[in-house]
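# Structure assessment
Here are the chains, one letter per residue:
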Amino acid sequence: MNKSIKLVAIAALALIGSVATASAQAGGADTHGLPPANQLGAKEPQTVPVKITTREYDIKKLLSAPALSPEAKVGQVLWQQRCAYCHDGMGQPTYKTMGSWIDSDTVKAMGPDALKMIINTGIDRMPAFKYDLDAKQLDDVIEFLRTVPPSLKPTPAQLSGKAVAPNNNAE
């Protein structure tokens, strides 16, 4: 970890605090048009302890390229708008969905062309999207699905309502 990031933040906070204190002591505090507090019969300002919280950052992770390609990012947005309600239980209170779970393993097993055909023509309870999504958008959705790991699939405990969502943002 690069310690300079944390030290700069602490130094900046210390500098801001010392400037504000010096300004107040010199009588230059901005009172927004009101008389200073000591002229209103108020007590002198008291020192209040301030807790400075720091956070460790992995500079390499912060500066690295985004996890999704531009095409996959567009596909993710399309997925969330058109597909996730029926196929992604993570946003639903019960994790139960009308459609099957789809991830990178599904793309590998079925192939992108078969998935595109299903999306275009629809099946059973799924409507056709041939008039809603063009060929480029279909490619983007498939590109996004290639990035979805099977580990995100809701567990049997989640589907039964006996478990909470996993923390997928863990570092």
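Note that the coordinates shown come from a computational prediction; the quantities given were computed from them, not determined experimentally. (Residues numbered from 1 in each chain as written. Predicted model: local features only at pLDDT ≥ 70, side-chain atom pairs only at ≥ 80, totals over all residues. Heavy atoms only, no water.)

All right, on to the confidence of the model for the protein chain then. Confidence along the protein chain averages 75 in pLDDT terms, with 64% of residues attaining 70 or more. Ignoring residues within four places in sequence, the model shows residues 1-24, a span with pLDDT below 50, making 13 contacts including any to other chains. Note that pLDDT drops below 50 for residues 167-171; the model gives that stretch four contacts with residues more than four away or on any other chain. (pLDDT = per-residue confidence, 0-100. Contact = heavy atoms within 4.5 Å.)

The periodicity of an α-helix, 3.6 residues per turn, causes residues three or four places apart in sequence to face the same way. Regarding helix α5 (residues 112-121), the residues found buried are L115, I118 and I119. The buried side chains of α5 occupy one side of the element, clustering within an arc of 100 degrees when seen end-on. Those residues of α5 that are exposed and angled more than 90 degrees off the buried face are D113, M117 and T121. Of the surrounding elements, those touching the buried residues of α5 are α4 (104-110) and α6 (135-145). Within two residues after α5, G122 carries a phi angle of roughly 75 degrees, on the positive side. (Buried < 20%, exposed > 50% of the residue type's maximum accessible area, 1.4 Å probe, protein only. Helix = DSSP H or I, 4+ residues; strand = E, 2+ residues; numbered from the N terminus. Arc of directions from axis to C-beta.)

Residues Y57, L62 and L63 make up a contiguous nonpolar surface patch of roughly 340 Å² in combined accessible area. Tracing the backbone through its elements, the reader meets L62 in helix α2 (residues 59-63). (Patch = residues over 30% accessible without salt bridge, like charges linked within 9 Å, V, L, I, M, F, W, Y side chains within 5 Å. Areas by Shrake-Rupley, 256 points an atom, 1.4 Å probe, with all protein chains shown as cover. Salt bridge = Lys/Arg side-chain N within 4 Å of Asp/Glu carboxyl O.)

Viewed as axis vectors pointing N to C, α5 and α6 meet at an angle of 125 degrees, and their least axial separation amounts to 10 Å. With respect to their mutual orientation, α5 and α6 come out oblique. For the pair α5 and α6, the crossing hand works out as right-handed. Note on element contacts: α6 touches α5 through L138, D139 and I142, opposite P112, L115, K116, I119 and N120. Residues of the contact of α5 with α6, tallied by class, amount to five nonpolar, one polar and two charged. (Axes fitted to C-alpha atoms, helices over the stretch in contact; angles between N-to-C directions. Parallel < 35°, antiparallel > 145°, perpendicular 65-115°, else oblique. Left-handed = near helix turned anticlockwise from the far one by under 90°. Nonpolar A, V, L, I, M, F, W, Y, C, P; charged D, E, K, R; others polar.)

Tallied over the entire structure, the rule returns four salt bridges. A salt bridge links D140 to K136, with the shortest nitrogen-to-oxygen separation between them at 2.7 Å. Remark: K136 and D140 occur in helix α6; sequence separation between them is four residues, near one turn of the helix. Classification of K136 by relative accessible area gives partly exposed; the value is 47%. A salt bridge links E143 to R146; the shortest N-O distance between them is 3.4 Å. Since its relative accessible area comes to 29%, E143 is described here as partly exposed. The exposure class assigned to R146 is partly exposed, which follows from its relative accessible area of 42%.

The next thing to look at is the packing of helix α3 (residues 70-87) against α6. Running from N to C, α3 and α6 cross one another at 95 degrees; their axes reach a closest spacing of 7 Å. Here α6 runs roughly perpendicular to α3, going by the angle between their axes. Together, E71, A72, V74, G75, Q76, L78 and W79 of α3 and K136, Q137, D140, V141, E143, F144 and L145 of α6 make up the contact between the two elements. The class makeup of the residues in the contact of α3 with α6 is seven nonpolar, three polar and four charged.

In this structure, T106 sits in helix α4. Among the residues examined, T106 registers a relative accessible area of 17% and is labelled buried. Dropping the residues within four chain positions of it, T106 is found in contact with W101 and G111.

W79, I119, L133, I142 and L145 are the most contacted members of the largest nonpolar core, which has 17 residues in total. Residue assignment for this core shows that the elements contributing at least two residues are α3, α5 and α6. Sorting elements by how many residues they give to this core places α6 first, with five residues. Apart from the residues lying within four places of it in its own chain, the contact partners of W79 are A84, H87, D88, I102, V141, F144 and L145. (Core = buried A, V, L, I, M, F, W, Y, C linked by side-chain atoms within 4.5 Å.)

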